[in-house]
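Read off the chains here:
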Amino acid sequence: MTGPVLPSHGRVRPLGLAQVSLTGGFWGDRQAVNATATLAHCESWMERLGWLANFDRVADGATGPDRPGWSFSDSEVYKLLEALAWETARTGDPEAEAAIKRLTVRVARAQDPDGYLNTCFGHGDQPPRYSDLEMGHELYNTGHLLQAAVARLRTSGEDDLVRVARRAADHVCRTFGPGGSAGICGHPEIEVGLAEFGRALGEERYVEQARLFLDRRGHGTLRDIPLGRAYFQDDVPVREADVWRGHAVRALYLTAAAVDVAVERGDGELLDAVRRQWERSVARRTYITGGMGSRHQDEGFGEDWELPPDRAYCETCAGVASIMVSWRLLLATGDPRYADLIERTLYNVIATSPSSDGRAFFYANPLHQRTPGKAADPDEVSPRAEGGTRAAWFDVSCCPTNVARTLASLHGYLATTDDDGLQIHQYAPCAIRAELPGGRTAAVDVETGYPESGVVRLRVAADTPGPWTLTLRVPAWATGATLTEDGRTRRAAPGLVRVHRTFRAGEVITLDLPVEPRFTWPDPRIDAVRGCVAVERGPEVLCAESRDLPDPAALDALVIDPRSAPRAGGGAVLVRALLPGHPGRSWPYLPRPAPAAGDAGWIDLPLRPYHSWARRGPAGMRVWLPVPAAEAVPAAEAGSVTGAVPAAAAAGDREGSPAR
Ligand SMILES: [Zn+2]
């Protein structure tokens with residue numbers, strides 16, 4: 001019983017889902033809420049909005065011009081089915097199993113005799129099949145059906161859902177295979193679905209169809225659109241591209257498929273291309289949260305360094321897709337930097353989206369909310385992706401089901417094995433019983449209060465005959481980490497630390513990661529946050545919220561003192577901050593740098609994890625905190641200390657004016 005990804009080879013192998021379980025803690029709690037609340041929440045909204053009835057209407061020959069939902073609403077049903085399949089395997093929950101059965105019946109009834117399955121095209125007075133490859137999402141929907149079938153196949157075996165998926169995949173291969181239409185889908189996803197479905201079934205032809213779709217893309221195969229062909233990555237072939245561009249979720253789903261095909265085909269050139277794209281995109285087009293996508297108009301990547309915090313889009317689905325890419329690259333290479341990015345994205349994008357009760361979600365994840373949003377009505381569909389509060393459901397509701405399937409399978413992303421032993425990539429309370437070569441088992445129980453605490457205790461749960469290697473990831477931020485075994489403590493530099501020996505039941509190995517809060521400075525080329533600093537603690541990015549300020553409006557203009565280290569206090573992290581007055585300028589551009597405006601006093605500004613923002617109600621929020629710039633103060637007033645907080649000065653008499 002394996003998880004969402006099982007390459008035929010790679011540097012490390014994923015654990016089977018029965019070999020690892022979360023036992024509470026940060027992620028265990030979220031996985032439990034997903035199981036008890038989010039799955040039913042998603043199904044009830046899709047029922048209420050008629051997205052499920054779309055399947056019934058096709059089956060009953062009753063489709064009309066009034067079909068509710070976007071052309072991709074079928075995919076939400078499939079993503080929910082995928083989540084339910086992982087959940088059923090995890091807990092044996094009979095309600096999840098019953099939901100799979102009742103959804104499968106409705107989906108199966110809508111399938112045409114030749115295998116075509118879609119509720120938006122090809123029936124009644126709907127547009128003909130595959131008549132809008134650019135925006136119609138038909139193959140995208142099918143890709144999600146295949147991923148749902150993979151989950152079912154790997155956790156339960158071949159059933160009606162898998163048989164439906166087989167017929168749909170065969171229809172795709174007949175229609176778009178050699179000698180068929182040379183089209184591709186505007187939204188990549190069929191590729192990653194076909195590749196994994198092929199791996200799960202041992203059917204090479206599905207992987208081959210994925211390769212064909214990949215190779216076709218990038219040659220202007222799709223019609224040009226006002227956003228340009230980069231929107232759907234049809235501007236440059238994937239193996240020639242240097243960076244991710246266009247719609248972020250499209251780019252990342254495509255990239256995940258490129259890794260799958262590269263690995264299955266032994267295509268080192270393609271794998272190198274993806275690694276090159278990852279390097280530049282992570283170095284220049286990724287937010288500190290791990291979020292991706294800075295343009296709202298196309299939900300897309302911006303140029304290098306174009307990372308405005310207030311206009312960050314950072315769709316939750318792009319976070320899911322980024323983890324899909326990095327997990328595949330981690331399996332292929334074993335490089336811990338991929339696990340570093342997965343961790344950053346998990347704590348700061350995936351954990352941010354769902355509400356504590358699992359019934360509301362962020363779609364966009366900006367790093368600066370200037371105006372508090374309106375509390376969302378739990379009974380209403382949000383018409384937009386942004387808004388500053390979590391919404392129960394969206395008009396375009398791709399993110400809730402994507403969070404659901406990720407959380408339901410999350411335990412599959414914690415650890416891997418290779419011929420030498422066990423590698424633990426993510427730290428959470430869990431029980432691992434991993435099969436090693438030679439029929440041996442590595443049994444480790446992880447006990448930790450991570451990420452609040454950096455102490456990770458790995459208790460060996462059973463004797464294993466003969467030596468093996470326990471490999472632990474030391475995150476890139478964890479300078480000063482230590483490893484203790486047999487009463488001896490040694491330094492553990494960021495990267496990988498290994499313990500090779502014969503393990504006996506009851507032994508404890510302790511990894512101590514320094515999670516004291518720390519300042520993080522941006523590359524000065526990210527203009528939008530130049531002159532600002534962020535605070536991180538362990539894997540968590542922190543933020544300030546307006547509700548923690550005596551004057552909420554001061555969030556706009558506060559400055560913090562970077563010479564005073566952030567420290568814990570009152571259940572938060574505190575930084576020294578100077579709250580400004582309100583200069584009331586009539587024109588915001590001045591003939592000379594402005595000093596810090598009227599001193600309303602120093603406070604200890606509480607910072608909290610970004611993933612917790614707006615959980616206490618609508619609020620202004622910012623991750624990047626301005627520091628006083630030396631340049632902002634005339635030299636005579638600034639004194640000799642670079643970066644010093646200037647003495648408060650009245651600003652009103654120094655202002656520029658558009659009228660002068
Ligand atoms: Zn989404």
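What counts as what
Along each chain, the written sequence defines residue order, and numbers are assigned to residues from 1. Note on the predicted model: pLDDT of at least 70 is required for a residue's local features to be given, and 80 or more for side-chain atom pairs to be given and counted; whole-chain, interface and lining totals, by contrast, use all residues. With hydrogens and water stripped out, all remaining heavy atoms of the structure feed into the side-chain values. Counting from the N terminus, the helices are DSSP H or I runs at least four residues long and the strands are E runs at least two residues long. C-alpha atoms define the radius of gyration in this analysis, and the globule rule sets the expected value at 2.2 Å times the number of residues to the power 0.38. We call a residue buried when its accessible area falls under 20% of the maximum for its residue type, exposed when it is over 50%, and partly exposed in between, using a 1.4 Å probe and counting protein chains only. Residue burial considers only the protein chains on display, and all accessible areas are found by Shrake-Rupley using a 1.4 Å probe. By the counting scheme adopted, Arg and Lys are positive, Glu and Asp are negative, and His together with the chain ends is not counted. Where a charge lies is defined by one atom per residue type: Lys uses NZ, Arg uses CZ, Asp uses CG and Glu uses CD. A 3.5 Å cut-off defines polar contacts: any pair of N or O atoms within that distance qualifies, except that in protein one atom must be a possible hydrogen donor and the other a possible acceptor, and neighbouring residues in sequence count only when both atoms are side-chain atoms. When DSSP locates at least two bridges between a pair of strands, those strands are taken to pair. Because water is not among the atoms used, a metal site may look incomplete, as its donors are only the N, O and S atoms within 2.8 Å, or 3.2 Å for Na, K and Ca. The rule is simple: four donors are tetrahedral if all their angles sit between 85 and 135 degrees, four are square planar and six octahedral if opposite donors span more than 155 degrees and the others lie between 65 and 115, and anything that fits none of that is irregular. Here the expected length of a helix is defined as 1.5 Å per residue gap, with one fewer gap than residues. Convention adopted: a line fitted to C-alpha atoms gives each axis, helices being fitted over their contacting stretch, and angles between N-to-C directions are expressed from 0 to 180 degrees. For salt bridges, the criterion is a side-chain nitrogen of Lys or Arg within 4 Å of an Asp or Glu carboxyl oxygen. In this scheme the crossing of two helices becomes right-handed for a clockwise turn of the near helix relative to the far one and left-handed for an anticlockwise turn of less than a right angle. Pairs of residues are marked as contacts when any of their non-hydrogen atoms sit within 4.5 Å.

Q: Describe the overall build of the protein chain, naming the residues involved and giving the relevant values.
A: For the protein chain, the count of helices and strands is 14 helices and 24 strands. Computed over the C-alpha atoms, the radius of gyration of the protein chain is 26 Å, within 12% of the 26 Å expected from 2.2 N^0.38 for a compact globule of 660 residues. Counting only C-alpha atoms and orienting by the principal axes, one finds that the protein chain spans roughly 80 × 70 × 45 Å. Buried residues in the protein chain amount to 63% of all 660 residues. For the protein chain, the exposed area adds up to about 23900 Å²; of that, 51% sits on carbon and sulfur atoms. One finds the centroid of the 73 positive side-chain charges in the protein chain at a distance of 3 Å from the centroid of its 85 negative side-chain charges.

Q: Residue-level account of the side chain of Thr289, with values.
A: Residue placement: Thr289 occurs in the loop between helix H10 (268-284) and helix H11 (316-333). Within the structure, Thr289 has its side chain in polar contact with the backbone nitrogen of Gly291 (distance 3.1 Å).

Q: Go over the pairing of strand S17 (residues 532-537) with me, naming the residues and quoting the values.
A: Across the six residues that make up S17, a large majority, six, are buried. Sheet topology places strand S16 (residues 518-520) next to S17; three bridges connect them, and they run antiparallel. In the sheet register, Phe519 faces S17, and the bridge partner there is Val535. Here S17 pairs with strand S18 (residues 540-545) via two bridges, running antiparallel. Across the sheet, the residue bridging to Arg537 is Glu540, located in S18. Adjacent in sequence and paired antiparallel, S17 and S18 are bridged by two residues, among which Gly538 carries a positive phi angle near 55°.

Q: Residues and numbers for the coordination of the zinc ion, please.
A: Around the zinc ion, the donor atoms from the protein are Glu315 (OE), Cys317 (SG), Cys398 (SG) and Cys399 (SG), and they sit 2.1 to 2.3 Å away. One can describe the donor arrangement at the zinc ion as tetrahedral, given that its four donor atoms subtend angles of 92 to 122° at the metal. Mapped onto the sequence, the residues coordinating the zinc ion show the spacing E-x1-C-x80-C-C. You can call Cys317 buried: its relative accessible area is 2%.

Q: So what about H11? Which residues, and what values?
A: Here H11 spans 26 Å end to end across 18 residues, near enough to the 26 Å set by a 1.5 Å rise per residue. Here H11 lies mainly inside the structure; 18 of its 18 residues are buried. One or two steps after H11, the chain reaches Gly334, where phi turns positive at roughly 75°.

Q: Can you explain the sheet that holds strand S9 (residues 440-448)? Please cite residues and give values.
A: The strand order across the open sheet built from seven strands is S2-S8-S9-S10-S15-S12-S13, with neighbouring strands paired in antiparallel fashion. Two strands bound the open sheet, and with one partner strand each, they are strand S2 (20-22) and strand S13 (488-491). Between one strand axis and the next, the sheet turns by 20° as a mean value, whatever way the strands run. As paired elements, strand S10 (residues 455-460) and strand S15 (residues 508-512) share five bridges and run antiparallel to each other.

Q: Talk me through the pattern of salt bridges; I want residue IDs and the actual numbers.
A: Counting across every chain of the model gives 64 salt bridges. Between Arg152 and Glu97 there is a salt bridge, and its shortest N-O distance comes to 2.7 Å. With Arg152 in helix H5 (residues 138-155) and Glu97 in helix H4 (residues 94-109), this residue pair connects regions lying 55 residues apart in the sequence. Residue class for Arg152 comes out buried when judged on its relative accessible area of 3%. When the shortest N-O distance is used, the salt bridge between Asp112 and Arg129 registers 2.9 Å.

Q: How would you summarise the packing of helix H7 (residues 190-201) against helix H9 (residues 248-265) if you had to cite specific residues and measurements?
A: Viewed as axis vectors pointing N to C, H7 and H9 meet at an angle of 35°, and their least axial separation amounts to 8 Å. Both H7 and H9 take part in a crossing whose hand is left-handed. Within the contact between the two elements, H7 uses Glu191, Val192, Ala195, Glu196 and Arg199 and H9 uses Tyr253, Leu254, Ala256, Ala257, Asp260 and Glu264.

Q: Describe the environment of Pro372, naming the residues involved and giving the relevant values.
A: With respect to the element layout, Pro372 can be found in the loop between strand S3 (368-369) and strand S4 (381-382). Spatially, the C-alpha atom of Pro372 lies 8.4 Å from that of Gly387, the residues being 15 residues apart in sequence. Excluding its chain neighbours within four sequence positions, the residues that come into contact with Pro372 are Ser546, Pro618, Ala619 and Gly620.

Q: Can you lay out the environment of Ser294 for me, pointing to particular residues and giving the numbers?
A: You can see Ser294 is positioned in the loop between H10 and H11. Since its relative accessible area comes to 5%, Ser294 is described here as buried. Each C-alpha atom, one on Ser294 and one on Pro366, is 8.9 Å from the other, the two residues being 72 residues apart in sequence. Sequence-distant contacts of Ser294, that is, excluding residues within four places in its chain, are made with Tyr287, Gly300, Phe301, Gly302, Glu306, Leu307, Pro308, Arg311 and Tyr313. Engagement of the side chain of Ser294 in a polar contact is seen with the backbone nitrogen of Gly302, the distance being 3.2 Å.

Q: Explain H4 to me, and be specific about the residues and the numbers.
A: A rise of 1.5 Å per residue sets the reference length of H4, with its 16 residues, at 22 Å; its end C-alpha atoms lie 23 Å apart and thus fit the reference within 8%. Along H4, the residues that are buried comprise Ala96, Glu97, Ala99, Ile100, Leu103, Thr104, Arg106 and Val107. Residues of H4 that are buried sit in contact with helix H1 (25-48), helix H2 (53-59), helix H3 (73-91), H5 and helix H6 (160-176). Looking at where H4 begins, the residue whose side-chain oxygen comes 3.0 Å from the main-chain nitrogen of Glu95 is Asp93.

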